[in-house]
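Residue-level structural notes
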Amino acid sequence: MIIAIPAHAEGWNAEVDERFGRARGFALVDSESGAWRFVDNGTADAEHGAGTGAVRSLLQLGVAVLLAGRVGPKAAEALEAAGITCLTLEGQGSVAEAWNWYKQQRTTP
Amino acid sequence: MKRIVVMSGKGGTGKTTFTAALAAIAPLPIVLADCDVDAANLHLLLRPVAAQQQRFLAGALPVFDSRSCSHCGMCASACVFEAITLRHGQYAVDAAACEGCGICARVCPDGCISMTQRLTGHTIEAVSRFGQPMVYAQLCVGQENSGKLVTRVRQLTDERARSEGVDFVLVDGPPGLGCPAIAAMSGVDALLLLAEAGAAGAHDLARMIELRARFGMPAACIVNKADLDAVSRAGILERCEREEIPVLAEFPWSPLFPESLRQGRTLTEMPEAPFRASLDFIWTSLLNHGVTS
């Protein structure tokens, strides 16, 4: 299962991007293998429709879960339609912190 | 860095008037941004100097390579905006009529049309007459604001704040709830909502509050023209209380507002500095009462 985290830059310690559609890129983590990579967000510079465009990219990348700070109304609708679970981050500063928070969420019922 | 954006939903509630007034009495170094690019006018009150312009390219415009054109006319007939015409024996586009859809490039059998970005406006970095760095933009005629342009203005503002070591950014937001509004709100620390006591003001504030609930950042409210309509005012106050949005101040309608704009001054620069205590209280609240936390 692939987990996506909006980030300002590449790297495990990169800052989480509070924006979703206009995030610089996404850290993608494979929850089984722990492998991760960074992809640029092609819609960061879109004139309009950045949020829905980003959802399309995540769908194509096979993302199942998004850990994000703020998601606008149209992006939220698109995420739901795409079957991507969106969990709201609360002040996790780095990609690593967000990932650890997610692992905790999974293990604690 | 703290970022506060002034939003309203409805246009004309006083976003720019209050952004300028708050800038004039800012108790700490700030960087200003005008993200209401469709009607950028913060600079009219803050009369910035040392302006530096950058071209802003966006959208799409067809460019014709006439050497390979067979003059079939398919581009002109496919264009529903009638933006392509034959001029002096060559097909050419009327940039003002073109919506940038790209159908001409798609139907051209000769492959002689390519879509390129067009100059839609300029971003401007300057210094307000109160000595604060400010970033704004001006659009070319016929162009519209976009999430992309708002994002660019905010990016320049953040860079400027970082390079000058300033910790506080005050953004004059765009009206509405669409793409530019969302681009202005996303990732900010708090919203300063400007409500207008009227049916449209109350209605649009309610929609803005719903949008804000999705983003979850703290918000505070100012009620402007509070004595215009008692029913709308009561509705605004009730809604804010329900949403736990503190109402920091109420301002009556006053001829001082249009008069200050006419003179190109901020409110606090008018004789006897009207509403100064309320404006100071707004700053105190923004800095101390958790609105920025």
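Above this text sits the structure in question.
Here is a short report on the structure shown in this document. (Residues numbered from 1 in each chain as written. Chains lettered and ligands numbered in written order. Predicted model: local features only at pLDDT ≥ 70, side-chain atom pairs only at ≥ 80, totals over all residues. Heavy atoms only, no water.)

Moving on, we come to the overall build of chain B. Of regular secondary structure, chain B possesses 10 helices and 11 strands. Based on the C-alpha atoms only, the size of chain B along its principal axes is roughly 70 × 40 × 35 Å. Burial status across chain B gives 51% buried among its 293 residues. In chain B, once contacts between residues fewer than 6 apart in sequence are set aside, the share between residues at least 24 apart is 77%. Within the structure as shown, chain B displays about 12,800 Å² of accessible surface, and the carbon and sulfur contribution to it stands at 51%. Considering chain B, the positive charge centre built from 26 side chains and the negative charge centre built from 30 side chains are found 4 Å apart. (Helix = DSSP H or I, 4+ residues; strand = E, 2+ residues; numbered from the N terminus. Buried < 20%, exposed > 50% of the residue type's maximum accessible area, 1.4 Å probe, protein only. Contact = heavy atoms within 4.5 Å. Areas by Shrake-Rupley, 256 points an atom, 1.4 Å probe, with all protein chains shown as cover. Lys, Arg positive; Asp, Glu negative; His and termini not counted. Charge placed at Lys NZ, Arg CZ, Asp CG, Glu CD.)

Right, let's talk about the sheet that holds strand 2 (residues 31-34) of chain B for a bit. All names here are of chain B. Pairing is mixed across the open sheet formed by 9 strands, whose spatial order is 3-6-7-2-8-1-9-10-11. Of all strands in the sheet, those with a lone pairing partner are strand 3 (49-64) and strand 11 (247-250), marking the two edges. When the angles between neighbouring strand axes are averaged without regard to direction, this sheet yields 20°. Pairing between strand 10 (residues 219-224) and strand 11: 3 bridges, direction parallel. Residue pairing for strand 11: C221 is matched across the bridge by V247. Strand contacts of helix 1 (residues 15-24): strand 1 (2-7), strand 2, strand 8 (168-172), strand 9 (190-196) and strand 10, with the helix running at about 155° to strand 8, the strand carrying the most contacts. Running over the sheet, helix 7 (residues 199-215) touches strand 1, strand 9 and strand 10 and is turned about 165° from strand 9. (Pairing = 2+ DSSP bridges. Axes fitted to C-alpha atoms, helices over the stretch in contact; angles between N-to-C directions.)

Contacts between chain B and chain A engage 17 residues on the former and 13 residues on the latter. Both sides of the chain B and chain A interface together cover about 1,200 Å² of buried area, and 58% of this is carbon and sulfur. Considering only the side of chain B, the residues that lose the most area to chain A are B:K148, B:R214 and B:F215, jointly responsible for 38% of the buried surface there. Between the two partners, chain B and chain A, sit 5 residue pairs in polar contact (both at pLDDT 80 or more). Breaking the side of chain B that touches chain A down by element, the ones donating at least two residues are strand 3, helix 5 (147-164), helix 6 (179-185) and helix 7 of chain B. Taken together, the residues of the side of chain B that touches chain A sort by class into 6 nonpolar, 8 polar and 3 charged. (Buried area = accessible area lost by both parts, 1.4 Å probe. Polar contact = N/O pair within 3.5 Å; in protein donor to acceptor, adjacent residues only side chain to side chain. Nonpolar A, V, L, I, M, F, W, Y, C, P; charged D, E, K, R; others polar.)

As a further point, take the packing of helix 7 of chain B against helix 8 (residues 230-242) of chain B. Angle between the axes and distance between the axes are the two parameters that describe a pair of packed helices. Residue and element names in this part refer to chain B. At a minimum axis separation of 9 Å, helix 7 and helix 8 run at an interaxial angle of 15°. One finds that helix 7 runs roughly parallel with respect to helix 8. Viewed along their axes, helix 7 and helix 8 form a crossing whose handedness is left-handed. Contact residues: A199, A202, L205, A206, I209 and E210 in helix 7; S232, I236, R239 and C240 in helix 8. Here the contact of helix 7 with helix 8 is composed, by residue class, of 7 nonpolar, 1 polar and 2 charged. (Parallel < 35°, antiparallel > 145°, perpendicular 65-115°, else oblique. Left-handed = near helix turned anticlockwise from the far one by under 90°.)

A word on the sheet that holds strand 2 (residues 25-30) of chain A. All names here are of chain A. On the basis of which strands lie adjacent, the open sheet formed by 5 strands has the order 3-2-1-4-5 and mixed pairing. Among the strands making up the open sheet, the edge pair consists of strand 3 (36-40) and strand 5 (85-88). In this sheet, neighbouring strand axes are inclined to one another by 25° on average, regardless of whether the strands run parallel or antiparallel. Bridge count for strand 1 (residues 2-7) against strand 2 is 6 bridges, and the pairing is antiparallel. Paired with A4 across the bridge in strand 2 is L28. In the packing of helix 3 (residues 95-107) onto the sheet, the strands contacted are strand 1, strand 2, strand 4 (63-68) and strand 5, and the crossing angle to strand 1 comes to about 145°.

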